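The residues making up each chain are set out below.
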Amino acid sequence: MPTSIESHGHERGTRARVARLILEHGPVAAAALGERLGLTPAAVRRHLDALLADGMIEPRTVRPRGQRGRGRPAKLFAITDAGRSAFEHAYDDLAGSALRFLAERVGEEAVTDFARSQVSSLLRRLEPVMRTVPADQRVQVLAQALSADGYAASATKANLGGDQLCQHHCPVAHVAAEFPQLCEAETEAFAQLLGTPVQRLATIAHGDGVCTTHVSPHALGLATSRATHSDKSKETGR
(Lines give C-alpha, C1' and ligand atoms only; values in the text may rest on other atoms or scores of the structure.)
Protein backbone atom coordinates (compact mmCIF):
# COMPACT_ATOMS: atom_id res chain seq x y z
CA MET A 1 0.00 0.00 0.00
CA PRO A 2 1.51 3.34 -1.04
CA THR A 3 2.26 5.85 1.67
CA SER A 4 0.87 8.73 -0.37
CA ILE A 5 -1.75 8.83 -3.08
CA GLU A 6 0.00 11.81 -4.61
CA SER A 7 2.97 9.74 -5.81
CA HIS A 8 5.01 10.23 -8.99
CA GLY A 9 4.67 8.60 -12.39
CA HIS A 10 2.10 8.95 -15.16
CA GLU A 11 0.08 5.92 -14.11
CA ARG A 12 -0.08 6.94 -10.45
CA GLY A 13 -0.65 10.57 -11.40
CA THR A 14 -3.77 9.56 -13.34
CA ARG A 15 -4.82 7.32 -10.46
CA ALA A 16 -4.49 10.28 -8.10
CA ARG A 17 -6.77 12.31 -10.39
CA VAL A 18 -9.34 9.52 -10.30
CA ALA A 19 -9.16 9.41 -6.50
CA ARG A 20 -9.41 13.19 -6.21
CA LEU A 21 -12.55 13.25 -8.36
CA ILE A 22 -14.09 10.58 -6.15
CA LEU A 23 -13.09 12.58 -3.06
CA GLU A 24 -14.61 15.80 -4.40
CA HIS A 25 -17.66 14.47 -6.26
CA GLY A 26 -18.29 10.96 -4.96
CA PRO A 27 -19.99 8.64 -4.75
CA VAL A 28 -19.58 8.56 -8.53
CA ALA A 29 -19.97 6.00 -11.32
CA ALA A 30 -17.06 4.66 -13.38
CA ALA A 31 -18.60 6.03 -16.59
CA ALA A 32 -18.74 9.56 -15.15
CA LEU A 33 -15.07 9.33 -14.13
CA GLY A 34 -14.12 8.25 -17.64
CA GLU A 35 -16.02 11.15 -19.19
CA ARG A 36 -14.45 13.73 -16.89
CA LEU A 37 -10.89 12.46 -17.36
CA GLY A 38 -11.13 11.31 -20.98
CA LEU A 39 -10.27 7.71 -20.11
CA THR A 40 -11.47 4.51 -21.72
CA PRO A 41 -13.67 2.15 -19.67
CA ALA A 42 -10.74 -0.30 -19.47
CA ALA A 43 -8.40 2.42 -18.14
CA VAL A 44 -10.92 3.56 -15.54
CA ARG A 45 -11.47 0.00 -14.41
CA ARG A 46 -7.71 -0.53 -14.03
CA HIS A 47 -7.34 2.52 -11.80
CA LEU A 48 -10.45 1.70 -9.79
CA ASP A 49 -9.24 -1.86 -9.19
CA ALA A 50 -5.89 -0.54 -7.94
CA LEU A 51 -7.56 1.98 -5.62
CA LEU A 52 -9.93 -0.70 -4.32
CA ALA A 53 -7.00 -3.04 -3.64
CA ASP A 54 -5.21 -0.26 -1.70
CA GLY A 55 -8.31 0.49 0.37
CA MET A 56 -8.51 4.03 -0.96
CA ILE A 57 -12.07 3.70 -2.28
CA GLU A 58 -15.07 1.45 -1.71
CA PRO A 59 -17.98 0.38 -3.95
CA ARG A 60 -21.55 1.28 -3.18
CA THR A 61 -24.72 -0.02 -4.77
CA VAL A 62 -27.51 2.47 -5.28
CA ARG A 63 -30.88 1.78 -6.84
CA PRO A 64 -32.05 4.76 -8.95
CA ARG A 65 -35.05 6.64 -7.59
CA GLY A 66 -38.37 5.28 -8.69
CA GLN A 67 -36.86 1.95 -9.77
CA ARG A 68 -38.65 -1.08 -8.42
CA GLY A 69 -38.39 -4.80 -8.95
CA ARG A 70 -36.18 -5.62 -11.89
CA GLY A 71 -33.27 -3.50 -12.95
CA ARG A 72 -29.64 -3.40 -12.12
CA PRO A 73 -28.65 -1.11 -9.23
CA ALA A 74 -26.03 1.49 -10.09
CA LYS A 75 -22.49 0.85 -8.85
CA LEU A 76 -20.81 3.91 -7.45
CA PHE A 77 -17.41 4.51 -5.87
CA ALA A 78 -16.74 6.55 -2.72
CA ILE A 79 -13.55 7.57 -0.93
CA THR A 80 -12.66 5.71 2.29
CA ASP A 81 -11.17 7.17 5.47
CA ALA A 82 -7.80 5.79 4.38
CA GLY A 83 -8.12 7.52 1.02
CA ARG A 84 -9.06 10.81 2.62
CA SER A 85 -6.15 10.51 5.04
CA ALA A 86 -3.74 9.97 2.16
CA PHE A 87 -4.57 13.41 0.77
CA GLU A 88 -4.49 14.99 4.21
CA HIS A 89 -1.06 13.51 4.97
CA ALA A 90 0.35 15.07 1.82
CA TYR A 91 -0.77 18.52 2.98
CA ASP A 92 0.30 17.76 6.55
CA ASP A 93 3.85 17.05 5.42
CA LEU A 94 4.08 20.43 3.70
CA ALA A 95 2.50 22.31 6.62
CA GLY A 96 4.76 20.54 9.13
CA SER A 97 7.87 21.40 7.11
CA ALA A 98 6.81 25.05 6.89
CA LEU A 99 6.24 25.32 10.65
CA ARG A 100 9.54 23.59 11.46
CA PHE A 101 11.30 26.06 9.17
CA LEU A 102 9.54 28.96 10.90
CA ALA A 103 10.45 27.67 14.37
CA GLU A 104 14.11 27.14 13.45
CA ARG A 105 14.61 30.45 11.65
CA VAL A 106 12.43 32.79 13.73
CA GLY A 107 11.57 30.96 16.95
CA GLU A 108 8.71 29.21 18.72
CA GLU A 109 6.90 32.51 19.31
CA ALA A 110 6.53 32.85 15.55
CA VAL A 111 4.69 29.51 15.48
CA THR A 112 2.35 30.78 18.21
CA ASP A 113 1.72 33.98 16.22
CA PHE A 114 1.01 31.89 13.13
CA ALA A 115 -1.43 29.67 15.03
CA ARG A 116 -3.31 32.70 16.32
CA SER A 117 -3.45 34.20 12.84
CA GLN A 118 -5.01 30.96 11.58
CA VAL A 119 -7.95 31.22 13.99
CA SER A 120 -8.34 34.97 13.50
CA SER A 121 -10.63 34.39 10.51
CA LEU A 122 -12.96 32.34 12.73
CA LEU A 123 -12.97 35.18 15.28
CA ARG A 124 -13.69 37.84 12.65
CA ARG A 125 -16.50 35.76 11.19
CA LEU A 126 -18.22 34.78 14.42
CA GLU A 127 -17.67 37.64 16.88
CA PRO A 128 -20.40 39.84 15.30
CA VAL A 129 -22.75 36.83 15.26
CA MET A 130 -22.08 35.88 18.88
CA ARG A 131 -23.00 39.36 20.04
CA THR A 132 -26.54 38.74 18.79
CA VAL A 133 -26.86 35.14 20.03
CA PRO A 134 -28.12 34.29 23.55
CA ALA A 135 -25.37 32.87 25.75
CA ASP A 136 -27.04 29.46 26.01
CA GLN A 137 -27.01 29.06 22.21
CA ARG A 138 -23.44 30.14 21.47
CA VAL A 139 -21.83 26.70 21.77
CA GLN A 140 -24.32 25.30 19.25
CA VAL A 141 -23.59 28.17 16.83
CA LEU A 142 -19.85 27.57 17.23
CA ALA A 143 -20.31 23.84 16.56
CA GLN A 144 -22.21 24.61 13.36
CA ALA A 145 -19.48 26.97 12.19
CA LEU A 146 -16.76 24.40 12.94
CA SER A 147 -18.70 21.72 11.06
CA ALA A 148 -18.89 24.01 8.04
CA ASP A 149 -15.08 24.25 8.23
CA GLY A 150 -14.71 20.45 8.18
CA TYR A 151 -14.42 19.65 11.90
CA ALA A 152 -17.67 17.61 12.21
CA ALA A 153 -18.48 19.32 15.50
CA SER A 154 -21.35 18.80 17.93
CA ALA A 155 -22.52 20.43 21.14
CA THR A 156 -24.20 18.73 24.10
CA LYS A 157 -24.95 19.56 27.71
CA ALA A 158 -22.28 18.33 30.13
CA ASN A 159 -23.34 16.14 33.07
CA LEU A 160 -21.60 18.38 35.62
CA GLY A 161 -22.90 21.63 34.16
CA GLY A 162 -21.97 23.72 31.18
CA ASP A 163 -21.61 22.36 27.67
CA GLN A 164 -19.35 19.92 25.86
CA LEU A 165 -18.05 20.83 22.42
CA CYS A 166 -16.79 17.85 20.40
CA GLN A 167 -14.85 17.93 17.13
CA HIS A 168 -15.00 14.48 15.54
CA HIS A 169 -12.54 15.36 12.79
CA CYS A 170 -9.42 17.53 12.75
CA PRO A 171 -7.90 18.42 9.35
CA VAL A 172 -4.62 19.46 11.02
CA ALA A 173 -4.32 16.71 13.64
CA HIS A 174 -0.96 15.37 12.47
CA VAL A 175 0.61 18.83 12.41
CA ALA A 176 -0.96 19.77 15.77
CA ALA A 177 0.63 16.69 17.33
CA GLU A 178 4.01 18.31 16.72
CA PHE A 179 2.90 21.91 17.21
CA PRO A 180 0.41 22.14 20.12
CA GLN A 181 0.28 25.89 19.58
CA LEU A 182 -2.43 25.19 16.98
CA CYS A 183 -4.71 23.59 19.59
CA GLU A 184 -3.88 26.24 22.19
CA ALA A 185 -4.75 29.09 19.84
CA GLU A 186 -8.01 27.41 18.92
CA THR A 187 -8.92 26.97 22.60
CA GLU A 188 -8.19 30.65 23.26
CA ALA A 189 -10.46 31.57 20.36
CA PHE A 190 -13.29 29.40 21.73
CA ALA A 191 -13.10 31.17 25.10
CA GLN A 192 -13.09 34.57 23.42
CA LEU A 193 -16.07 33.75 21.21
CA LEU A 194 -18.13 32.15 23.97
CA GLY A 195 -17.20 34.70 26.63
CA THR A 196 -16.68 32.04 29.27
CA PRO A 197 -13.87 29.76 30.53
CA VAL A 198 -13.19 26.64 28.46
CA GLN A 199 -10.99 23.62 29.10
CA ARG A 200 -9.61 21.15 26.58
CA LEU A 201 -10.19 17.61 27.87
CA ALA A 202 -8.99 15.60 24.88
CA THR A 203 -7.53 16.11 21.40
CA ILE A 204 -7.24 13.98 18.29
CA ALA A 205 -3.68 15.30 17.97
CA HIS A 206 -2.76 13.52 21.23
CA GLY A 207 -4.33 10.24 20.15
CA ASP A 208 -7.86 10.69 21.48
CA GLY A 209 -10.78 9.76 19.29
CA VAL A 210 -12.43 13.19 19.55
CA CYS A 211 -11.35 16.73 20.42
CA THR A 212 -13.42 17.51 23.52
CA THR A 213 -13.75 20.94 25.11
CA HIS A 214 -15.69 21.64 28.29
CA VAL A 215 -17.42 25.01 28.24
CA SER A 216 -18.20 26.40 31.69
CA PRO A 217 -21.36 28.43 32.22
CA HIS A 218 -20.70 32.01 33.35
CA ALA A 219 -21.99 31.23 36.84
CA LEU A 220 -19.62 28.27 37.19
CA GLY A 221 -16.69 30.38 36.09
CA LEU A 222 -17.56 33.12 38.58
CA ALA A 223 -18.14 30.60 41.36
CA THR A 224 -14.77 29.04 40.76
CA SER A 225 -13.12 32.44 40.77
CA ARG A 226 -14.83 33.42 44.02
CA ALA A 227 -14.01 30.10 45.66
CA THR A 228 -10.37 30.46 44.72
CA HIS A 229 -10.31 34.01 46.07
CA SER A 230 -12.00 32.86 49.30
CA ASP A 231 -9.47 30.04 49.78
CA LYS A 232 -6.57 32.43 49.28
CA SER A 233 -8.09 34.86 51.79
CA LYS A 234 -8.31 32.09 54.41
CA GLU A 235 -4.69 31.12 53.79
CA THR A 236 -3.50 34.71 54.29
CA GLY A 237 -5.90 35.37 57.17
CA ARG A 238 -7.59 38.25 55.34
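The text that follows walks through the structure, step by step, so that each part is easy to find. (Residues numbered from 1 in each chain as written. Predicted model: local features only at pLDDT ≥ 70, side-chain atom pairs only at ≥ 80, totals over all residues. Heavy atoms only, no water.)

Here's the deal with the overall build of the chain
Then step 1. Each helix and strand counted, the chain has 9 helices and 7 strands in total.
Then step 2. Residue burial in the chain is summarised as follows: out of 238 residues, 37% are buried.
Then step 3. Here the contacts in the chain between residues at least 6 apart in sequence split such that 48% fall between residues at least 24 apart.
Then step 4. Accessible surface computed for the chain: about 14,300 Å², of which carbon and sulfur atoms make up 53%. (Helix = DSSP H or I, 4+ residues; strand = E, 2+ residues; numbered from the N terminus. Buried < 20%, exposed > 50% of the residue type's maximum accessible area, 1.4 Å probe, protein only. Contact = heavy atoms within 4.5 Å. Areas by Shrake-Rupley, 256 points an atom, 1.4 Å probe, with all protein chains shown as cover.)

Concerning the packing of helix α6 (residues 138-148) against helix α8 (residues 181-194)
Then step 1. Contact geometry of α6 with α8 gives a least axis separation of 10 Å together with a crossing angle of 135°. By the angle class used here, α6 and α8 are oblique. As for how α6 packs across α8, the hand of that crossing is right-handed. From α6, R138, V139, L142 and L146 reach across to α8, where they touch F190, L193 and L194.
Then step 2. For the contact of α6 with α8, the class distribution of residues is 6 nonpolar, no polar and 1 charged. (Axes fitted to C-alpha atoms, helices over the stretch in contact; angles between N-to-C directions. Parallel < 35°, antiparallel > 145°, perpendicular 65-115°, else oblique. Left-handed = near helix turned anticlockwise from the far one by under 90°. Nonpolar A, V, L, I, M, F, W, Y, C, P; charged D, E, K, R; others polar.)

Observations concerning the pairing of strand β3 (residues 74-79)
Then step 1. Here strand β1 (residues 28-29) pairs with β3 via 2 bridges, running antiparallel. Each residue of the ladder has a partner; that of A29, found in β3, is L76.
Then step 2. In this sheet, β3 lies alongside strand β2 (residues 57-62) in antiparallel orientation, the contact comprising 6 bridges. From the neighbouring strand, R60 faces β3, where its bridge partner is L76. (Pairing = 2+ DSSP bridges.)

Quick word on unusual backbone geometry
Then step 1. Although it is not a glycine, A152 adopts a positive phi angle of roughly 45°.
Then step 2. Inspection of the secondary structure puts A152 in the loop between α6 and β4 (153-157).
Then step 3. On the basis of relative accessible area, A152 is assigned to the partly exposed category, the value being 37%.

Details of the layout of surface pockets
Then step 1. Roughly 510 Å³ of volume is contained in the largest pocket.
Then step 2. Looking at the largest pocket, it is lined by 25 residues, and the ones nearest its centre are Q118, V119, Y151, V172 and L182.
Then step 3. Sorting the residues of the lining of the largest pocket by element identifies α4 (81-105), α5 (108-130), α7 (173-178) and α8 as the ones contributing at least two each.
Then step 4. The biggest single contributor to the lining of the largest pocket is α5, with 7 residues.
Then step 5. For the lining of the largest pocket, a count of residues per class yields 18 nonpolar, 3 polar and 4 charged.
Then step 6. Volume-wise, the second largest pocket comes out at about 150 Å³. (1 Å grid on protein atoms, 1.4 Å probe; cavity = no way out; pocket = protein on both sides within 12 Å on 5 of 7 lines; lining within 4 Å. Points joined across faces, edges and corners; volume = space filled by probe spheres on them.)

Brief notes about α8
Then step 1. Given a rise of 1.5 Å per residue, 14 residues ought to cover 20 Å, and the 20 Å separating the end C-alpha atoms of α8 matches this to within 8%.
Then step 2. The buried fraction of α8 amounts to 10 of the 14 residues, a majority that puts the element mostly inside the structure.
Then step 3. Directly beyond the C-terminal end of α8, a positive phi value near 70° is found at G195. (Expected span 1.5 Å × (residues − 1).)

Looking at the nonpolar core
Within soluble globular proteins, side chains that are nonpolar tend to cluster in buried spots.
Then step 1. Counting 34 residues, the largest nonpolar core has L142 and L146 as its most contacted members.
Then step 2. Not counting chain neighbours up to four residues away, the residues in contact with L142 comprise L122, L126, M130, L165, F190, L193 and L194.
Then step 3. By size, the runner-up hydrophobic cluster in this structure holds 15 residues, among which are V18, V44, L51 and M56. (Core = buried A, V, L, I, M, F, W, Y, C linked by side-chain atoms within 4.5 Å.)

Some points on the side chain of Q181
Then step 1. With respect to the element layout, Q181 can be found in helix α8.
Then step 2. We classify Q181 as buried; its relative accessible area is 11%.
Then step 3. Among the polar contacts made by the side chain of Q181, one reaches the side chain of E108 at a distance of 2.9 Å.
Then step 4. Here Q181 is in contact with E108, V111, T112 and A115, once residues within four sequence places are set aside. (Polar contact = N/O pair within 3.5 Å; in protein donor to acceptor, adjacent residues only side chain to side chain.)

A closer look at the pattern of salt bridges
Then step 1. Scanning the entire structure with this criterion turns up 7 salt bridges.
Then step 2. Where R45 meets D49, a salt bridge forms, and the shortest distance between an N and an O atom there is 3.2 Å. Of this pair, R45 and D49 both sit in helix α3 (residues 41-53), separated by 4 residues, roughly a single helical turn.
Then step 3. Across the pair R125 and D149 runs a salt bridge, and its minimum N-O distance is 2.8 Å. Within this pair, whereas R125 is found in helix α5, its partner D149 is found in the loop between α6 and β4, the two being separated by 24 residues in sequence. (Salt bridge = Lys/Arg side-chain N within 4 Å of Asp/Glu carboxyl O.)

Everything listed here is a matter of geometry and, on its own, says nothing about what the molecule does.
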